[in-house]
Amino acid sequence: ADPVYVQDNIIEFGEKAISYVASGARIERNMLVGNGYTGDRPYYSFHSTSQADNLINNTLLYEGSTGSHLSFSHSNHAIRNLFVGTGFLSKWHDNAVFHAFTNSQTDLVITGNWMLGPSKVKSIRLDTAKSTTEPGTHTTMRNNVFLGHEPLTVKGDEHVFEHNTGDKCTVVEAWASLADQNAATWSRYNAVGSYGMRGSTTGSGPGFASINACSDLAVCNAENSSLPLWLSSQFAGSSKQIANGDICSVVNKCF
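Keep in mind the model is a prediction, meaning the values are calculated, not measured.

S.K.: Lay out the pairing of strand 12 (residues 96-100) in plain terms, naming residues and giving numbers.
M.R.: Taken across its five residues, strand 12 has five buried, putting it largely inside the fold. The pairing of strand 9 (residues 69-71) with strand 12 spans three bridges and is classified as parallel. Note that in strand 12 the partner of Ser-71 across the bridge is Ala-100. For strand 12 and strand 15 (residues 122-126), the ladder comprises four bridges, and the chain directions are parallel. Bridging across to strand 15, Ala-96 finds its partner in Lys-122.

S.K.: Any details on the environment of Ala-22? Residues and values, ideally.
M.R.: Structurally, Ala-22 is set in the loop between strand 3 (18-20) and strand 4 (26-28). Assessed through its relative accessible area of 4%, Ala-22 is described here as buried.

S.K.: How would you explain the nonpolar core if you had to name every residue and give the values?
M.R.: Phe-46, Phe-98, Ile-124 and Tyr-195 are the most contacted members of the largest nonpolar core, which has 34 residues in total. When residues of this core are traced back to their parent elements, those giving at least two are strand 3, strand 12, strand 15, strand 18 (152-154), strand 20 (165-172), strand 22 (191-198) and helix 1 (217-220). With sequence-adjacent residues up to four places away left out, Phe-46 is seen in contact with Ile-18, Tyr-20, Ile-27, Leu-32, Leu-55, Leu-60, Ser-68, His-69 and Leu-70.

S.K.: Could you give an account of the sheet that holds strand 21 (residues 186-188), with specific residues and numbers?
M.R.: The parallel open sheet is built from nine strands, whose spatial order is 1-4-7-10-13-16-19-21-23. The strands lining the two open edges of the sheet, one partner per strand, are strand 1 (5-7) and strand 23 (208-210). The sheet shows a mean angle of 5 degrees between the axes of neighbouring strands, taken without regard to direction. Where strand 16 (residues 140-142) lies against strand 19 (residues 160-162), three bridges are found, and the strand directions are parallel. Counterpart to Thr-140 in the pairing with strand 19 is Val-160.

S.K.: Lay out the environment of Ser-104 in plain terms, naming residues and giving numbers.
M.R.: Position of Ser-104 among the secondary structure elements: in the loop between strand 12 and strand 13 (109-111). Between the alpha carbons of Ser-104 and Gln-51 there is a distance of 8.3 Å; along the sequence they are 53 residues apart. Once residues lying within four places of it in the same chain are set aside, the contact partners of Ser-104 are Ser-71, Phe-72, Ser-73 and His-74. At 2.6 Å, the side chain of Ser-104 forms a polar contact with the backbone oxygen of Ser-71.

S.K.: So, the packing of aromatic side chains: which residues are in play, and what are the values?
M.R.: Applying the stated criterion across every chain yields a total of four aromatic pairs. For the pair Tyr-43 and Tyr-44, a centre-to-centre distance of 6.4 Å together with 45 degrees between the ring planes defines the contact as tilted. Under the relative-accessibility criterion, Tyr-43 is labelled exposed at 57%. Centre to centre, the rings of Tyr-62 and Phe-88 are 4.8 Å apart; their planes meet at 70 degrees, and the pair counts as edge-to-face. Here Tyr-62 is found in the loop between strand 8 (59-61) and strand 9, whereas its partner Phe-88 is found in the loop between strand 11 (82-84) and strand 12, with 26 residues between them in sequence. Residue classification places Tyr-62 among the partly exposed positions, given a relative accessible area of 36%. Exposure remark for Phe-88: the relative accessible area of 26% places this residue in the partly exposed category.

S.K.: For the side chain of Thr-185, give the residues involved together with the corresponding values.
M.R.: When you line up the elements, Thr-185 lands in the loop between strand 20 and strand 21. Residue Thr-185 is classed as buried on the basis of its relative accessible area, which comes to 4%. Within the structure, Thr-185 has its side chain in polar contact with the side chain of Asn-182 (distance 2.7 Å). Among all residues touching Thr-185, those that are not within four sequence positions of it are Asp-157, Glu-158, His-159, Gly-207 and Phe-208.

S.K.: Which residues make up the state of the cysteines, and what values go with them?
M.R.: What the rule picks out here adds up to one disulfide. Each sulfur in the disulfide pair Cys-214 and Cys-220 lies 2.2 Å from the other. Disulfide Cys-214 to Cys-220: torsion about the S-S bond roughly -90 degrees, handedness left-handed. With a relative accessible area of 0%, Cys-220 lands in the buried category. Free cysteine Cys-169: the closest other cysteine sulfur is in Cys-214, separated by 8.2 Å.

Cut-off values and rules
Residues numbered from 1 in each chain as written. Predicted model: local features only at pLDDT ≥ 70, side-chain atom pairs only at ≥ 80, totals over all residues. Heavy atoms only, no water. Buried < 20%, exposed > 50% of the residue type's maximum accessible area, 1.4 Å probe, protein only. Helix = DSSP H or I, 4+ residues; strand = E, 2+ residues; numbered from the N terminus. Pairing = 2+ DSSP bridges. Core = buried A, V, L, I, M, F, W, Y, C linked by side-chain atoms within 4.5 Å. Contact = heavy atoms within 4.5 Å. Axes fitted to C-alpha atoms, helices over the stretch in contact; angles between N-to-C directions. Polar contact = N/O pair within 3.5 Å; in protein donor to acceptor, adjacent residues only side chain to side chain. Phe/Tyr/Trp six-rings, centres within 6.5 Å; stacked < 30°, edge-to-face > 60°. Disulfide = S-S within 2.5 Å.

See below:
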């Protein structure tokens, strides 16, 4: 398919989503506000049946679609986008701001995005089908902010999840036909209040997880189950001590 360029538009109160088939599409500097509230809500604001999308510097505010971008194939990049209130006033949907199927996780890059609620869908969903026997791999999620969504969900393996700030995530070890997911996933330098796991065989998150901040350091720091010395020493001699891996004792509130 040929490249598609959707750039510098303001799209407001439309009935449906933007659908396209392309290779190397550039979706840049657009503002979408209040689209997709007529009839059945669209699944995505950008319904891409494409590979190598470039979704850069877009703003989506209170879209009716229950998701924002579908990664249908490999090598998609989503950089410095703002999403507020995805699927606003909708019921719960098993969808996400960024939804990637198994094969489309390859070389997917999601970086520098702000995903803010209120929303009843996930911020990022790296997906697998129940019958999948080979995991999706090689997605990079870096420098994102996600607040007010269902838990960001990481299925697959060999991903990079680092320098993100959010309220809820789930890193999956076992689900359906795949029992050893994320064994080679790197999770580092994240600050996530509720860092969850699914199907864990160890009581902590799978893969290499270290130097993360969460409400239970034994879960989000499988490599050391505590803060490293260079970080914990910053609290030495102060009234804000971290005891038994409880980082909630040093912040005003944990969620």
